[in-house]
Amino acid sequence: MLNKKTVVRTLEKIALYLELKGENPFKVSAFRKAANALELDERSLDEIDDYTKIKGIGKGTGAVIEELIRTGESQQLKELEQQVPKGLIPLLKIPGLGGKKLAKLYHELGVDSAESLREACESKKIRSLPGFGPKTEEKILKELERFGEKKERLPIWYLESVVQEIETLLSSIQEIERFSVAGSFRRVNETSKDLDFVIATKHPEIVKEQLLNRLAVKEIAGSGETKVSVVLDLDELVSVDFRLVSNNEYITALHHFTGSKEHNVRMRQLAKEQGKKISEYGVEQADGQVMTFQSEEDFFAHFGLPYIPPAVRETGQELDRLDELDRLVAIEDIKADLHMHTTFSDGAHSVQEMGEALIGRGYQFGAITDHSQSLKVANGLTPERLKKQRAEIEAFNESHPGFTLFAGTEMDILPDGSLDYDDDVLKELDFVIASIHTSFSQPQEKIMERLFNAITNPHVHMIAHPTGRIISQREGYHPDVEQLIYWAKEYGKILELNASPYRLDLCVEHLKLAMELGVPIAINTDAHAIEQLDYMAIGTMYAQKAWLKKELVVNTWSVEQFKEFIRKNK
DNA sequence: GCCGTTTTCGGCCCGACTGTTTTCAGTCG
């Protein structure tokens, strides 16, 4: 059976070629919409009997799908591939060049690759075409040079520090009334193409000047009355857009620039049905009056909607799942953090300091889970040191009534599949996390054998960062996650959503499966220092992307519920 | 190309910015 992804990609490819032909943009987007609609449909290819019943797929696109399933190829795509050279596709990525301009360049000058585009610029042929000029030539040449130099997407853990730096700067500019990061970073995407900030100010010129002077600006990509786009020269080149609006317009602008595009489209369609019109400057009523809002809650309420958190504003389908929103896990529900390190192993703060930091965050319980003995680089704990730590934890609990610190471990699952502590050590601990830190490149069978040994051990409560991935940097040890989730279900264990922006492991797709099966999930920061306890916010918002319900999230349980769970697993 | 009980034709989200133009098309998000 043909892969659904292949069908989706084929439809997208047709859209791309149509775009390059300079076709009607609505036709182009119809193919994209059809691809999207098919992808979002939860059924597999052979479970769908009539494709044209899916909204967004009609006679034309439905026929392409049918043909693909029947013959494995699309006649329409084949014809397009003959009409439009392949080399044009990567050129669509050049800023300023879209389908129409590229179509013109191809037909008039025979441009069909990066190389021939460069030649056309250098021989100054482009400026003679209507709609093109010398500046376009220069810009294309510059973009061609930089082709490949700038990273396509940057990971959330890198952008996080950039955002903090920019926020510090924005806080120091007096003319700014309020500001927020927006865009895909605010929606907690794993990677983003650029950063967006929305700024409320009465003095856009001054703010603009301050930004351009005080940031490490490598290039000003655009600068208008309400928008400044720059490329920052940091460890990586980072594109940042600043939108400057009045305080009144701030909320609608924030909503607009938080997106996603698909979410905004759905919102605008809904507004239209209500006789209203949404723009970044406000909501125009039927009588022409423009309304603005004090908060995003008010904005959504204006359309009769509950607050939709940024993390789920993704496909537009969130507007069909409004009744699930109040069951979504949120940071206010979090009562505990169950994975953290102290100075006993590789953490920066003591048991006492971590415990007090948890109390300071309003939590009701937590677990200290330092590394185990074989992880020498992290100063893992021997059973003797584990006992010493337990004494500290008990002393802490005595002096802090109303809060419970559990004595735990993040125990290594060793390369041979054995566990780093004997059962008689484990049974003395309140909370046992097992995880893999070594021998990532073993074959999947071996990795699964290790995980199976851990998950079937009666003293183990949770598997931490189940895949070992680092976003955009390392793929982890490639476990069969689906199998692992089924095991967790069968043996009644917790799986972790590691909240560190480096990890976010399990990922959204796997969290969805875990939720379907009712496997409990713990959102944990894996903090190695007090500040990292703040990762809980990122982890919780990331969990929302999988529509994780609060009752499945261990950290929302009461301490009694949690005690009951760990007692059962002894 | 897709869609629709106000429409089977005429819309399709909306606006900023740029570089080309003397009022606007193309691109972008």
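Bear in mind that the values here come from a model prediction, so they are computed numbers and not experimental data.

Thresholds applied
- Position numbers for residues count from 1 along each chain, tracking the sequence in the order it is written.
- Chain labels run from A onward and ligand labels from 1 onward, assigned in the order the entries are written.
- Totals for whole chains, interfaces and linings use every residue, but because this is a predicted model, local features are given only for residues with pLDDT of at least 70 and side-chain atom pairs only at 80 or more, for both listing and counting.
- Side-chain descriptors were evaluated using all non-hydrogen atoms of the structure, hydrogens and water having been removed beforehand.
- As used throughout, domain bounds are those supplied by an automatic or database domain assignment.
- Any pair of residues with heavy atoms lying within 4.5 Å of one another is described as a contacting pair.
- Accessible area that two parts lose when put together, evaluated with a 1.4 Å probe and summed over both, is termed the buried area.
- Structural elements are reduced to axes, namely lines fitted to C-alpha atoms, with helices fitted over the stretch in contact, and the angle between N-to-C directions of any two is expressed from 0 to 180 degrees.
- The secondary structure listing takes helices from DSSP runs of H or I that are at least 4 residues long and strands from runs of E that are at least 2 residues long, numbered from the N terminus.
- Here the word oblique covers every angle except those under 35 degrees (roughly parallel), over 145 (roughly antiparallel) and from 65 to 115 (roughly perpendicular).
- By convention the crossing between two helices is left-handed if the near helix lies anticlockwise of the far one by an angle smaller than a right angle, and right-handed if it lies clockwise.
- When residue character is reported, Ala, Val, Leu, Ile, Met, Phe, Trp, Tyr, Cys and Pro are called nonpolar, Asp, Glu, Lys and Arg charged, and the others, Gly included, polar.
- Relative accessibility decides the category of a residue: with a 1.4 Å probe and only protein chains considered, values under 20% of the type maximum give buried, values over 50% give exposed, and everything between is partly exposed.
- When charges are counted, neither His nor the chain ends are considered; positive counts come from Lys and Arg and negative counts from Asp and Glu.
- Every case where a carboxyl oxygen of Asp or Glu lies within 4 Å of a side-chain nitrogen of Lys or Arg is listed as a salt bridge.
- Each Phe, Tyr or Trp ring, with Trp reduced to its six-membered ring, pairs with another whose centre is within 6.5 Å; inter-plane angles below 30 degrees give stacked pairs, above 60 give edge-to-face pairs, and intermediate values give tilted ones.
- When at least one non-hydrogen atom of a residue lies within 4 Å of a molecule or strand, that residue is treated as near it.
- Polar contact criterion, stated in full: a pair of N or O atoms within 3.5 Å, where within protein one must be able to donate a hydrogen and the other to accept it, and residues adjacent in sequence count only if both atoms are side-chain atoms.
- Each patch is assembled from residues with relative accessible area greater than 30% and no salt bridge, linking like charges that lie within 9 Å and nonpolar side chains (Val, Leu, Ile, Met, Phe, Trp, Tyr) that lie within 5 Å.
- For every accessible area listed, the method is Shrake-Rupley and the probe measures 1.4 Å; residues are considered covered only by the protein chains on display.
- Lys charges are placed at NZ, Arg charges at CZ, Asp charges at CG and Glu charges at CD.
- DSSP calls a pair of strands paired once it identifies at least 2 bridges connecting them.
- UniProt positions are given in the numbering used here, feature names are shortened, and annotations may be inferred rather than shown by experiment.
- Residue types Ala, Val, Leu, Ile, Met, Phe, Trp, Tyr and Cys, when buried and joined through side-chain atoms within 4.5 Å, form a set referred to as a nonpolar core.

1. Some points on the domain arrangement of chain A
Part 1 of the argument: Per the domain assignment, the segments making up chain A are domain 1 (4–145), domain 2 (154–247), domain 3 (251–316) and domain 4 (331–569).
Part 2 of the argument: In this complex, domain 2 contributes 13 residues to the contact, which on the side of domain 3 involves 15 residues.
Part 3 of the argument: In total, domain 2 and domain 3 occlude about 1100 Å² of area from one another, counting both sides; carbon and sulfur atoms represent 55% of this.
Part 4 of the argument: Contact with domain 3 buries area across many residues of domain 2, yet Arg178, Arg186 and Arg187 alone supply 53% of it, more than any other trio.

2. A closer look at the packing of helix H18 (residues 481–491) against helix H19 (residues 508–517)
Part 1 of the argument: Contact pair H18 / H19: the axes reach a minimum separation of 10 Å and the direction vectors enclose 30 degrees. Looking at the two axes, H18 sits roughly parallel to H19. Judged by the twist between their axes, the crossing of H18 over H19 is right-handed. Each of Val481, Glu482, Ile485, Tyr486 and Lys489 in H18 lies in contact with H19, whose residues at this interface are His510, Leu513, Ala514 and Leu517.
Part 2 of the argument: Partitioning the contact of H18 with H19 into residue classes produces 6 nonpolar, 1 polar and 2 charged.

3. Here's the deal with the side chain of aspartate 505
Part 1 of the argument: For aspartate 505, the location among the structural elements is in the loop between strand S16 (494–498) and H19.
Part 2 of the argument: In this structure aspartate 505 is buried but unpaired, with arginine 503 as the nearest side chain of opposite charge at 5.0 Å.
Part 3 of the argument: Apart from the residues within four sequence positions on either side, aspartate 505 is in contact with His465, Pro466, Thr467, Gly468, Arg469, Glu496, Leu497 and Asn498.

4. Notes on the packing of aromatic side chains
Part 1 of the argument: In this structure the tally under the stated criterion is 15 aromatic pairs.
Part 2 of the argument: Relative to phenylalanine 303, the ring of phenylalanine 299 has its centre 5.3 Å away and its plane inclined at 75 degrees; by these criteria the two rings are edge-to-face.
Part 3 of the argument: By relative accessible area, phenylalanine 299 is classed as buried at 0%.
Part 4 of the argument: Exposure remark for phenylalanine 303: the relative accessible area of 5% places this residue in the buried category.
Part 5 of the argument: Measuring from centroid to centroid gives 6.1 Å for phenylalanine 365 and phenylalanine 406, while their planes differ by 90 degrees, and the two rings are edge-to-face.

5. A closer look at the environment of isoleucine 538
Part 1 of the argument: As for its position among the elements, isoleucine 538 is in helix H20 (residues 535–545).
Part 2 of the argument: Along the sequence, isoleucine 538 and glycine 518 sit 20 residues apart, while their C-alpha atoms lie 22 Å from each other.
Part 3 of the argument: Ignoring any residue separated from it by four or fewer positions in sequence, one finds isoleucine 538 in contact with Ile156, Glu160, Val188, Ala499, Pro501 and Leu504.

6. A few points about the protein's contact with DNA strand B
Part 1 of the argument: In the vicinity of DNA strand B, 44 residues are found, and the nearest of them are Gly56, Thr61, Gly133, Thr136 and Arg268.
Part 2 of the argument: One of the side-chain N or O atoms of lysine 272 is found 3.0 Å from a phosphate oxygen in DNA strand B.
Part 3 of the argument: Elements represented by at least two residues in the surface near DNA strand B include exactly helix H2 (25–40), helix H3 (59–71), helix H5 (99–109), helix H7 (134–146), strand S5 (217–223), helix H12 (261–273) and strand S8 (277–279).
Part 4 of the argument: The element best represented in the surface near DNA strand B is H12, accounting for 5 residues.
Part 5 of the argument: Tallied by class, residues from the surface near DNA strand B come to 13 nonpolar, 17 polar and 14 charged.

7. Digging into unusual backbone geometry
Part 1 of the argument: Note the cis peptide between glycine 259 and serine 260, where omega equals -5 degrees.
Part 2 of the argument: One can find serine 260 in the loop between helix H11 (250–258) and H12.
Part 3 of the argument: With an omega dihedral of 10 degrees, the bond running from aspartate 505 to leucine 506 counts as a cis peptide bond.
Part 4 of the argument: Examined against the element boundaries, leucine 506 turns out to sit in the loop between S16 and H19.
Part 5 of the argument: A positive phi is found at serine 439, a non-glycine position, where the angle reads about 50 degrees.

8. Things to note about H19
Part 1 of the argument: Along H19, the residues classified as buried are Val508, His510, Leu511, Leu513, Ala514 and Met515.
Part 2 of the argument: Buried-residue contacts for H19 involve H18, S16, strand S17 (521–524) and H20.

9. Details of a negative patch on the surface
Part 1 of the argument: A contiguous patch of negative charge, built from Asp422, Asp423, Asp424 and Glu428, is present on the exposed surface.
Part 2 of the argument: Considering the arrangement of structural elements, one finds glutamate 428 in the loop between helix H16 (423–426) and strand S14 (431–435).

10. Let's talk about the sheet that holds strand S4 (residues 195–201)
Part 1 of the argument: The 5 strands lie next to each other as S2-S4-S7-S6-S5, forming an open sheet whose pairing is mixed. At either end of the open sheet lies a strand with only one pairing partner, and these are strand S2 (176–182) and S5. Neighbour to neighbour, the strand axes of the sheet diverge by 20 degrees on average, direction disregarded.
Part 2 of the argument: For S4 and strand S7 (residues 237–245), the ladder comprises 6 bridges, and the chain directions are parallel. The residue of S7 that forms the bridge with leucine 195 is valine 240.
Part 3 of the argument: The strands that H11 touches are S2, S4 and S7; relative to S2, the one it contacts most, it runs at about 20 degrees.

11. A word on the pattern of salt bridges
Part 1 of the argument: Per the stated rule, a full pass over the model turns up 27 salt bridges.
Part 2 of the argument: Across the pair arginine 118 and glutamate 115 runs a salt bridge, and its minimum N-O distance is 3.9 Å. Taken together, the residues arginine 118 and glutamate 115, both in helix H6 (residues 114–122) and 3 residues apart, mark about one turn of the helix.
Part 3 of the argument: Classification of arginine 118 as partly exposed rests on a relative accessible area of 25%.
Part 4 of the argument: Residues glutamate 551 and arginine 327 are paired through a salt bridge, measuring 2.6 Å at the closest nitrogen-oxygen approach.

12. Here's the deal with the UniProt feature "domain: Helix-hairpin-helix DNA-binding motif class" (unreviewed entry) in chain A
Part 1 of the argument: The UniProt entry lists residues 49–68, 89–108 and 124–143 under the feature "domain: Helix-hairpin-helix DNA-binding motif class" (unreviewed entry), expressed in the numbering used here.
Part 2 of the argument: A distance of 15 Å separates the end C-alpha atoms of residues 49–68, which is 50% helix and 0% strand.
Part 3 of the argument: Taken end to end, residues 124–143 is 50% helix and 0% strand, and its first and last C-alpha atoms sit 16 Å apart.

13. A word on the nonpolar core
What tends to happen in soluble globular proteins is that the nonpolar side chains get buried as a cluster.
Part 1 of the argument: With 120 residues, the main nonpolar core has Ile166, Leu195 and Phe242 as its most contacted residues.
Part 2 of the argument: Ranked by the residues each element gives to this core, the list is headed by helix H8 (residues 156–172), at 9 residues.
Part 3 of the argument: Once residues lying within four places of it in the same chain are set aside, the contact partners of isoleucine 166 are Leu195, Phe197, Leu215, Leu232, Val240 and Phe242.
Part 4 of the argument: Listed in part, the 41 residues of the second largest apolar core include Val7, Val8, Val28 and Phe132.

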